[in-house]
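# Residue-level structural notes
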Amino acid sequence: MLVEVCANSLQSAINAQKAGADRIELCSELAVGGITPSYGLLQQIKEQVSIPVHVLVRPRSGDFTYSDMDFNIMKADVAHCISLGFDGVVSGVLHSNFTLDVDRTAQLIKIAKGRHFTFHRAFDWVKNPSETLKTLAKMGIDTVLTSGQQKSALEGMALLAHLRDQEASCTIMPGGGIGPKNVMQFKEKGFAEVHLSGTRKRRSLDGRPQVPMCASRLPNDDEIVVTDVETVRLVVEQFKG
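The present account deals with the structure reproduced in this document. (Residues numbered from 1 in each chain as written. Predicted model: local features only at pLDDT ≥ 70, side-chain atom pairs only at ≥ 80, totals over all residues. Heavy atoms only, no water.)

### Considering the sheet that holds strand 3 (residues 53-56)
Put simply, the test is: Think of it this way: DSSP has to see at least two bridges between two strands before they count as a pair. A run of H or I in DSSP becomes a helix once it reaches four residues, and a run of E becomes a strand once it reaches two; helices and strands are each numbered from the N terminus. Lines fitted to the C-alpha atoms define the axes, with helices restricted to the stretch that makes contact. Angles between their N-to-C directions range from 0 to 180 degrees.
The eight strands are arranged 7-6-5-4-3-2-1-8 in an open sheet whose pairing can be described as parallel. Single-partner strands in this sheet number two, and they are strand 7 (171-174) and strand 8 (193-196). On average, each strand axis in the sheet is tilted by 25° relative to the strand beside it, whichever way the strands run. As judged from the three bridges shared by strand 2 (residues 23-26) and strand 3, these two strands associate in the parallel manner. Each bridged residue has a counterpart across the sheet, and for E25 the counterpart in strand 3 is H54.

### With respect to the nonpolar core
Generally speaking, soluble globular proteins have nonpolar side chains that are buried together. Applied cut-off: We define a nonpolar core as any set of buried Ala, Val, Leu, Ile, Met, Phe, Trp, Tyr and Cys residues linked to one another through side-chain atoms lying within 4.5 Å. Here's how the labels work: a residue is buried when its accessible area is under 20% of the maximum for its type, exposed when over 50%, partly exposed in between, all with a 1.4 Å probe on protein chains only. Working rule for contacts: check all heavy atoms of both residues, and any pair within 4.5 Å makes them a contact.
With 61 residues, the main nonpolar core has I24, F119 and V144 as its most contacted residues. Ignoring anything within four residues of it in the chain, the contact list for V144 reads F119, F123, L133, L136, C170, T171, I172 and M173.

### Observations concerning the pattern of salt bridges
Operational definition: A pairing counts as a salt bridge when a side-chain nitrogen of Lys or Arg comes within 4 Å of a carboxyl oxygen of Asp or Glu.
Enumeration over the complete set of coordinates arrives at 11 salt bridges. E4 is paired through a salt bridge with R23; the nearest N and O atoms lie 2.7 Å apart. Residue E4 is found in strand 1 (residues 2-7), and its partner R23 is found in strand 2; the two are separated by 19 residues along the sequence. For E4, a relative accessible area of 1% corresponds to the buried category.

### Considering the side chain of N182
Assignment of secondary structure puts N182 in the loop between strand 7 and helix 7 (183-188). If we skip the residues at most four places from it in the chain, N182 touches L154 and G177.

### Considering the packing of aromatic side chains
Rule in force here: Aromatic pairs are defined between Phe, Tyr and Trp rings, using the six-membered ring for Trp, whenever the two ring centres lie within 6.5 Å; interplanar angles under 30 degrees are classed as stacked, those over 60 as edge-to-face, and all others as tilted. We call a charge positioned over a ring when the NZ of a Lys or the CZ of an Arg lies within 6 Å of the ring centre and within 35 degrees of the ring normal.
If you walk through the whole model with that rule in mind, you get three aromatic pairs. Summarising the aromatic geometry, the rings of F64 and W125 are spaced 4.9 Å apart at their centres and angled 70° between planes, so their arrangement reads as edge-to-face. Of this pair, F64 sits in the loop between strand 3 and helix 3 (68-83) while W125 is found in the loop between strand 5 (116-119) and helix 5 (129-139), placing the two residues 61 residues apart along the sequence. Under the relative-accessibility criterion, F64 is labelled buried at 10%. For K46, the ring lying beneath its charged end belongs to F86, and the centroid distance is 5.0 Å.

### A few points about the pairing of strand 4 (residues 88-91)
Working note: regular strand, side chains alternate between the two faces of the sheet. Quick note on the threshold: For a crossover, the right-handed case is the one in which the path from the first strand over the helix to the second runs clockwise, viewed with the strands pointing away from the viewer.
Across the two faces of strand 4 the burial is the same, with G88 and V90 and V89 and S91 all buried. At this point the chain moves from strand 3, through helix 3, to the parallel strand 4, and the crossover so formed is right-handed. Both strand 4 and strand 5 contribute to a ladder of four bridges, which runs parallel. Counted as the bridge partner of V89 is F117 from strand 5. With respect to chirality, the unit in which strand 4 leads through helix 4 (residues 102-111) into the neighbouring parallel strand 5 is right-handed.

### Some points on the state of the cysteines
By definition, a disulfide is the covalent link that joins the sulfur atoms of two cysteine residues. Basically, it comes down to this: Here, the term disulfide refers to a pair of cysteine sulfur atoms separated by no more than 2.5 Å.
Enumeration according to the criterion identifies zero disulfides in this entry. C6 provides the cysteine sulfur closest to C27, a residue in no disulfide bond, and the two sulfurs are 3.6 Å apart.

### Thoughts on unusual backbone geometry
For K113, which is not glycine, the phi torsion reads 55° and is therefore positive. Even without glycine at this site, Q149 takes up a positive phi of about 60°. Mapped onto the secondary structure, Q149 falls in the loop between strand 6 (143-146) and helix 6 (157-166). Judged by relative accessible area, which is 26%, Q149 ranks as partly exposed.

And the structure:
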């Protein structure tokens, strides 16, 4: 049984490790679905975190269909993460018609040089998840992170179970809205891995800034989001107990 925590900062990663997480997916900017973390964050994670870390490679927010410039950045980021000794990569590319970009995803897998490769939640946009999973398995993808193409993994449970039973060579890792109140449902359904951020908002300023820096749908400027030790600990105890 494995609990992966999506950590958006050094503090979140340290908290996840302290809480007993088995693995970290490292990213920045959770509010937009995550983007590639900075060079400085990568360095500090290598120095201060001992559990396995997989790095999200996504050059920007928005869709998963990339320009040549975007993709060159992604290739460089994957190569950099491998050179730093990270345990895996989390990434993937789609076409604009919501089908898998086999060629570009295969290029990223090759650059990852056999490290664990997770195809991220871009999978939740694909038109034919069963056929896409077959293709990803043939390509050597180790894990698919998905909510079962629903707003939460709990809502997508039926598809998640179907995909898990369909392809034994590729791990289906449920993610999206998982926490202490529902993680046992995934254990009871026979899933071996779950993914969560386990975050809580923390007020960071004495008052609200006069001029906002965040768009209206993003977190407030006077709050930061950090992985909560107790939340993750409860999930670990329930899922692995």
